[in-house]
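One letter stands for each residue in the lines below.
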Amino acid sequence: MKVDEDAAAGDSGDTNNKRKQRSESTSSKSTATNTSTDAESSTSQNDIVVATTTPTTMYDDAGSSRLFQPHRSLGLLTAAYPNTKSSLSTTQQYSPSARLFQSQKGKFHLQTQAISSEETFVTIPLGERFQILTLSKLVPVLVSRALPPSADHHRSLLTGDGKLTAGSNGKKDYQGGDEEEMHQAISDSSLSITVTTHGPKITGKAVSITMYSRTRPLVCLDAFSFLENVNKKKKNQKWGIVDMIPLGKQRVAMSGEKEGKMENTLLFAIVCARDDTVSGGKNASEKGGDGVEVVGDDSEEESESESDADAAAGNNDSTSDDESGDDEDDSSLDSLSDEDKAPATNCYGRILLVQASRTSMKIIKTIDLNGDKGSNFIPYVGLHPATYVNKILLGGRPTEKGSTSMLLVNVRSGKVIHSFQCLSLEDGKKNKSQKPSIITTLAQSPAVDTIAVGTSDGSVHLINTLHDVKLFSLHHKSKAHVKKNMMNNAVSSISFRTDGNATRQGVAPLAVGTDDGSVSVWDLTPVQDDDGNATPHRTLLTQMEGTHHGGISKLSYLPGEPLLLSTGLSSNSILLHVFDAPDHSGRILRQRKGHTSPPQLLRYLHPGVSGGGILANAADGTDASSCQILSCGGAGDLTLRLFSTARSNLDKEYSQGRGLDKKAKKLFGNKEGPEGRAELLLPEIVDLSTSEVRGRDWGDLVTIHRNHAHAYVWSTKRGAQSGPVLRQPHWNISAMKDRPPRTANATSLAISACGSFALVGTVGGVVYKYNIQSGLPRGSFPRDATSATSEEERRRKKGLKTAGDVGRTMRILEKNNSKNGGVTPSDIDQAERDRVSYLEADAKKKAIVGRASHDGAVVGIAIDSLNKTLVTAGADSKLVLWNFVTHMPHKKSPIMLPSPATKLTHVRDSDLAAIAMNDFGVAVFDCSSLTIVRYFGGSRYNKSPDSLGRMSHTCPISDLQFGPDGRKLFTSSLDGTVRVWDVPTGLCVDWMSFSSPPTSLALSPTGEFLATSHVGRLGISLWCDKSFFRMVLLDGTPNEPAKMNEPCPVAECEQEEANDAIVTASVSSILAKKEDMMAFDDTNGEDENDGSPPQAKGEGLITLSGLPPAHWKNLFHLELVKERNKPTEAPQKPPSAPFFLQWRAGLESSGADTAGATDQENAGGTSTTDMTKGKEATTDGWDAVWSDDDADDNAEADSSNGANEIKPSKESTSKPTKRRKVVHHRSKLAELLQSCFDAKEVLSMGETYSDVTSYLSKMGPSSIDVEISSLCYGIHDLEEGLPLLHIASMWLLEACESHSSFEAVNAYLHRFLHVHGNVITRMDQAVQKTETDLTSDEAMEEEDDPQTLKLKEFVETIAQLQKKQKEASNRLQGKMQHSICLLRHLSRMV
């Protein structure tokens, strides 16, 4: 059954409804194909397709809250799983059982094109979706919708007690929810389909097959429907899809309305396997094979009886197994299809032949690996060998009773042709403790009958499949830092290089990727000994260590190109290496990288008013910094990255120094690549702050790091660490010396409003102040915290005298006075009183500072916009206000909070500070009135458990941010929710729930987007605020959280490709588009948006285009732009051409060259000019360059010197002229206008010229000017230009009448009249003068002239356009005047 997209939409958060619909759809089955599009027939076709009736929009469009809906994800490139442990323990992650269903997971598929490598597309699975990237820029051009869910019987899990519990019983039994995970995806551009394998994320294996038509899932098949029919005792059989092998295309007959026609279909071999770690029942009797002796070849003329006998033998095995385990009748077994029958007990592999067309997909054959050769074999990977028709090669491992690791299977006859023995252990070496290695990958070599086999022990074997002979082997030793519980540096991918450069250089490169992340390139040419004889050794050309963190997922050479594309298991990166060096080493040509661990901190590059910077105006596209997010990696990822929310190719990593890889290789020989580089990187970033005020003068970004006392200055302009290290003078910066005390470790950070000072809070409760430009300390809060150095502290403890001690100074003064003859008792008393008063005042100050000083870590710092007040929040429940200049606390400080603080954020406009506390609440503090004005959640709700979850967070708050206007406060918590609080009313206006707890959030400078990071997710989720484009009602506090769907990546189509696609539209494509609009299908109409501009909702209303203002504003000032861009100096005449440049026709020669040509002509030879004329005469378009009639020379001169008038009379065009026939270049706009005009008579509804407006909307102002100017080049171009001007005026008239894209259409009209206004005016004058000068008889004759008729029609269209434009202008002016008067009246009433 096809996925019904018109079914009633349900609540996306109700998982019970999902599973109920899934179980209802799973219970019905039949044997019909899925070629019919009728609703009734599709309902009855419920056979091999196990599909959900839930609409696909449920997974993409639903899942939004009151204010926010999913927009897109950032930084997620591949299916990387850094924290995936599934149900396996740490010691089992690299076991054979774990590798069985993970070997092909997340690997890409190349769609090579014959044109060039730039046209190659890469299909990459990505969670619940797949994305197709173009190799030219590594940007996504297509992103699919979410996967449909698998059947319920695949979601049964084993609990710790060993009891079976279904996934719908609760979260305790099933933690994966309804999330699906895609394992493989293979696309075909000719059929526009993609076939994928997927399964529940919690199980970690693929159990379903889904076909996509472009981005929409059409058919979902259950690969293991027999698990629903067997009893519960056998449901623990671990069956899963391990590989998908494309077998090519096949033409089949169509049915239904197109019966009798042929269509192309794709054939796939789905390789399934069962893990042998769980017993599947008693062993069944093994039967013999077919006895074929020839390896790799069998007769296509096999008797049908022999094939039927073998098939019957396989069925008998499964039948006997079912009878031994279940008490079922034979009749019930016979009624089941092949894929519904359980395989035999000793069968560990199954092959499903799947046939996919544009609209349907079905399983056409099922092959069980039985018999002497196929039983007790567990397949891991598969390959379709070149020139081997209907045959596939399977690699894997044997069970304890098996002996082979590779099989050759004929998918047409369903037989196991051969069991390869060349990789088996020799009898003398084989023992019980030594097990054969697992075949992890297979690759076809350029040579026929030769394949490369990669194994789990790090070896690559070249095998001749025709003779079952191992040619030679390549071995890869494990590195010293590889963990013991990992496999011995298993080979994960192999690829052969086939370009001509390698052949000319005499090498045959083979790239091998291993689990330690390195890529080794071998030369397969045999090494010769001293005598010139070939040896079995091969040469290692180059080895790229640490190419991908966590291991290589897949690598592949592009056909005929020295380019190697690779992805990693957990590196979240795509690399394209080019091998063009003489030493055969590779360098990175293109790359896209993301975080290798979930990001922990997100901040927009310049957060606008809320962060104290300049508000980036993203409304008119003048500042791109509002689209850039700074992201800090979590544990294991020590990078600082910048992600662009507009263009993914602008993402980059901030540099922490040059040559880190070389330094790591030099210092850490055994830690090359990412691990060695990590030793030189800064620790994990815990906080950052930016300020764009002085960004042009010095660094504008400061970061602090975990368990680190120093702060570091970065430059966002350079994208690197650039500036001094902020530290105290007595702190050692070298890691080889003593580190600063633990109390000096930084915990919080802020930059002043002026951008000159950075304030760093520490664990000990002290806030240090630094100058960002020089890096010098400028005091501390409290003031005397920096005076006590380690040396001074040592002297104080020992009682040594210290310069500046008040008591010591007073004693010295008394001693000096006594030596000078003594003083009076009154003077001594006054000095004593002064000393005592000074000591009392100093004691009071110390007491005030002591009460205000923090006793714990400073968790938040904020500075007002005038650099007068510093606000600090500590883990000791103190909120302290400090004088920024005197470094003294406010007289009312400290202000005690209800609970210890954990985080602080501040908005400078309203001078409000929000403090997150340990009781899961938030306090809003007004720094002007020095009072707490709002409480959100917290301990006050602990007494009422019913309202605790609704009115407060139930777990620690991970991050909080104010909105740009300061009216909304956003808080994220580890309870998996994000709340939006309205500060003026004190209410929670939005409540969002996520499947993974959010760790950080960030608001865009304009407030349009919310970015969040989550536990266990490498990507950044971006959510858009719906209040910016629709009416949103916020009535009270939500009763329950809105379950949010995870956003997906978006396709980023190039503008040039879109323009070319529009320009090549012909009359037939336009007609097809209009027919699709007339025959609108609700199935596609509700789910897919064709991207057309919005239509007015009422008569008389207008719509705007939504284009950037720079697109249409600059059309009014193009002359000014051109004047500014004009060169300051006139072009200089170039010197004479050198002798080695050939002379080109059309260039004038001077001097001796001209004289030489004249002499040659006089001598009777053929001059250069004559040869040029002869060459031009044979060129198309230049047949009549000159006219033989010289009588028009004077007429031409008179017309050039006379008045500029157009006389459309017959006399003016009767005589030929001597003017050169100029061929004008027409723009693509002219072709599109002509195509639309030709289709106008056929189309009777809709807008004829809508494609023209859409075409211009995707171009820049200069390109639009060129397109419009090339319609007509002046009066001399009226023969071809006049019809184009007429069609263009008809287009503008239609666009004005439609009232859509109002501002853009008026800008196009202005440019059209500005460029062609002179021609239009002269044609209007010519028509008027002709009507007044001609007599009635001449007028009758003139009306029959086609040129005159065209002129009159054009002038009438211009008049209608003028009338429509004037009416629209008057209507708009009246509305504006009415609104102004109404506002003035209301203002006077107030």
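Residues numbered from 1 in each chain as written. Predicted model: local features only at pLDDT ≥ 70, side-chain atom pairs only at ≥ 80, totals over all residues. Heavy atoms only, no water.

1. Comments concerning the overall build of the protein
Next up, step 1: Scanning the protein from terminus to terminus reveals 29 helices and 59 strands.
Next up, step 2: Burial status across the protein gives 47% buried among its 1390 residues.
Next up, step 3: Carbon together with sulfur atoms contributes 51% to the accessible area of the protein, which is approximately 68,800 Å² in total. (Helix = DSSP H or I, 4+ residues; strand = E, 2+ residues; numbered from the N terminus. Buried < 20%, exposed > 50% of the residue type's maximum accessible area, 1.4 Å probe, protein only. Areas by Shrake-Rupley, 256 points an atom, 1.4 Å probe, with all protein chains shown as cover.)

2. Things to note about the sheet that holds strand S15 (residues 361–368)
Next up, step 1: Strand order in this open sheet of four strands is S12-S13-S14-S15, and the pairing throughout is antiparallel. Two strands close off the open sheet at either side, each with one partner strand: strand S12 (239–253) and S15. On average, each strand axis in the sheet is tilted by 20° relative to the strand beside it, whichever way the strands run.
Next up, step 2: Alignment of strand S13 (residues 262–274) against strand S14 (residues 349–356), held across eight bridges, turns out to be antiparallel. Residue pairing for S14: Ile270 is matched across the bridge by Leu352. (Pairing = 2+ DSSP bridges. Axes fitted to C-alpha atoms, helices over the stretch in contact; angles between N-to-C directions.)

3. Some remarks on the side chain of Ser689
Next up, step 1: Along the chain, Ser689 turns up in strand S36 (residues 685–690).
Next up, step 2: Within polar-contact distance, the side chain of Ser689 engages the backbone nitrogen of Ile751 at 3.4 Å.
Next up, step 3: Excluding anything up to four places from it in sequence, Ser689 contacts Asp700, Leu701, Val702, Leu749, Ala750 and Ile751. (Polar contact = N/O pair within 3.5 Å; in protein donor to acceptor, adjacent residues only side chain to side chain. Contact = heavy atoms within 4.5 Å.)

4. Re the pattern of salt bridges
Next up, step 1: Overall, the coordinates contain 17 salt bridges when judged by the stated rule.
Next up, step 2: Among the salt bridges present, the one from Asp275 reaches Arg397, with a minimum N-O distance of 3.8 Å. Note that Asp275 is positioned in the loop between S13 and helix H5 (304–325) and Arg397 in strand S17 (residues 391–398), a separation of 122 residues in sequence.
Next up, step 3: Among the residues examined, Asp275 registers a relative accessible area of 1% and is labelled buried.
Next up, step 4: A salt bridge links Arg587 to Asp580, with the nearest nitrogen and oxygen atoms 2.8 Å apart.
Next up, step 5: Take Asp580: its relative accessible area is 45%, and that puts it in the partly exposed class.
Next up, step 6: Each of Glu1119, Asp1265 and Arg1311 takes part in a single network of salt bridges with overlapping partners. (Salt bridge = Lys/Arg side-chain N within 4 Å of Asp/Glu carboxyl O.)

5. Here we look at the sheet that holds strand S58 (residues 1020–1025)
Next up, step 1: The four strands are arranged S1-S58-S57-S56 in an open sheet whose pairing can be described as antiparallel. Whereas interior strands pair on both sides, the edge strands pair on one side only; in this sheet they are strand S1 (68–74) and strand S56 (998–1003). On average, each strand axis in the sheet is tilted by 25° relative to the strand beside it, whichever way the strands run.
Next up, step 2: By the bridge criterion, five bridges tie S56 to strand S57 (residues 1009–1014) in an arrangement that is antiparallel. Within the sheet, the bridge partner assigned to Leu1003 lies in S57 and is Leu1010.

6. Things to note about unusual backbone geometry
The bulk of non-glycine residues show a negative phi, and the bulk of peptide bonds are trans.
Next up, step 1: A cis amide bond links Phe781 to the next residue, Pro782, at an omega of 5°.
Next up, step 2: For Pro782, the location among the structural elements is in the loop between strand S43 (777–781) and helix H11 (790–798).
Next up, step 3: Its identity as a non-glycine residue notwithstanding, Ser877 has a phi of 70°, on the positive side.
Next up, step 4: Mapped onto the elements, Ser877 comes out in the loop between strand S45 (869–874) and strand S46 (878–883).
Next up, step 5: Judged by its relative accessible area of 12%, Ser877 falls in the buried class.
Next up, step 6: Backbone geometry places His887, a non-glycine residue, at a positive phi of 65°.
Next up, step 7: Along the polypeptide, His887 turns up in the loop between S46 and strand S47 (895–896).
Next up, step 8: With a relative accessible area of 7%, His887 lands in the buried category.

7. A few points about the environment of Val702
Next up, step 1: In this structure, Val702 sits in strand S37 (residues 701–705).
Next up, step 2: With a relative accessible area of 0%, Val702 lands in the buried category.
Next up, step 3: When the C-alpha atoms of Val702 and Thr690 are compared, they prove to be 6.6 Å apart, with twelve residues separating the residues in sequence.
Next up, step 4: Apart from the residues lying within four places of it in its own chain, the contact partners of Val702 are Asp687, Leu688, Ser689, Ala711, Tyr712, Val713, Leu726, Leu749, Ile751, Ala758 and Ile772.

8. Overview of the nonpolar core
Next up, step 1: Within the largest apolar cluster, 43 residues are counted, with the highest numbers of intra-cluster contacts made by Leu1233, Leu1271, Trp1291 and Phe1312.
Next up, step 2: Listed by contribution, the elements that provide at least two residues to this core are helix H23 (1228–1238), helix H24 (1250–1257), helix H25 (1261–1269), helix H26 (1278–1298), helix H27 (1302–1333) and helix H29 (1346–1389).
Next up, step 3: The element that contributes the greatest number of residues to this core is H26, accounting for twelve residues.
Next up, step 4: Residues contacting Trp1291, with those up to four places away along its chain left out, are Leu1233, Tyr1249, Val1252, Thr1253, Leu1256 and Tyr1308.
Next up, step 5: Of all hydrophobic cores here, the second largest spans 36 residues; its members include Phe101, Phe377, Tyr388 and Leu408. (Core = buried A, V, L, I, M, F, W, Y, C linked by side-chain atoms within 4.5 Å.)

9. Quick word on the packing of H23 against H26
Packed helices, taken two at a time, are described by the angle their axes make and the gap between the axes.
Next up, step 1: For the pair H23 and H26, the least separation of the axes is 10 Å and the interaxial angle reads 70°. As far as their axial angle goes, H26 and H23 are roughly perpendicular. For the pair formed by H23 and H26, the contact residues are Ala1230, Leu1233, Gln1234 and Phe1237 on the first element and Leu1284, Ile1287, Ala1288, Met1290 and Trp1291 on the second.
Next up, step 2: Within the contact of H23 with H26, the residues separate by chemical class into eight nonpolar, one polar and no charged. (Parallel < 35°, antiparallel > 145°, perpendicular 65-115°, else oblique. Nonpolar A, V, L, I, M, F, W, Y, C, P; charged D, E, K, R; others polar.)

10. Digging into a positive patch on the surface
Next up, step 1: Where like charges cluster on the molecular surface, the positive patch consists of Lys1363, Lys1364, Arg1371 and Lys1375.
Next up, step 2: Within the secondary structure, Lys1363 is located in helix H29.
Next up, step 3: Relative accessible area serves as the criterion here: at 55%, Lys1363 is assigned to the exposed category. (Patch = residues over 30% accessible without salt bridge, like charges linked within 9 Å, V, L, I, M, F, W, Y side chains within 5 Å. Lys, Arg positive; Asp, Glu negative; His and termini not counted. Charge placed at Lys NZ, Arg CZ, Asp CG, Glu CD.)

11. Examining the confidence of the model for the protein
Next up, step 1: With 67% of its residues at a pLDDT of 70 or more, the protein has an overall mean of 74.
Next up, step 2: Low pLDDT, under 50, characterises residues 426–430; the stretch is placed with three contacts to residues that sit more than four places away or in other chains.
Next up, step 3: Every residue in residues 480–487 is under pLDDT 50, and counting partners more than four places away or in other chains gives twelve contacts. (pLDDT = per-residue confidence, 0-100.)

12. Brief notes about the packing of aromatic side chains
Next up, step 1: Inspection of the entire model under this criterion finds 14 aromatic pairs.
Next up, step 2: Ring geometry for Phe226 versus Trp239: centroids 5.9 Å apart, planes at 90°, classification edge-to-face. Note that Phe226 is positioned in the loop between strand S11 (216–222) and S12 and Trp239 in strand S12, a separation of 13 residues in sequence. The pair Phe226 / Trp239 is uniform in exposure class, with both members buried. (Phe/Tyr/Trp six-rings, centres within 6.5 Å; stacked < 30°, edge-to-face > 60°.)

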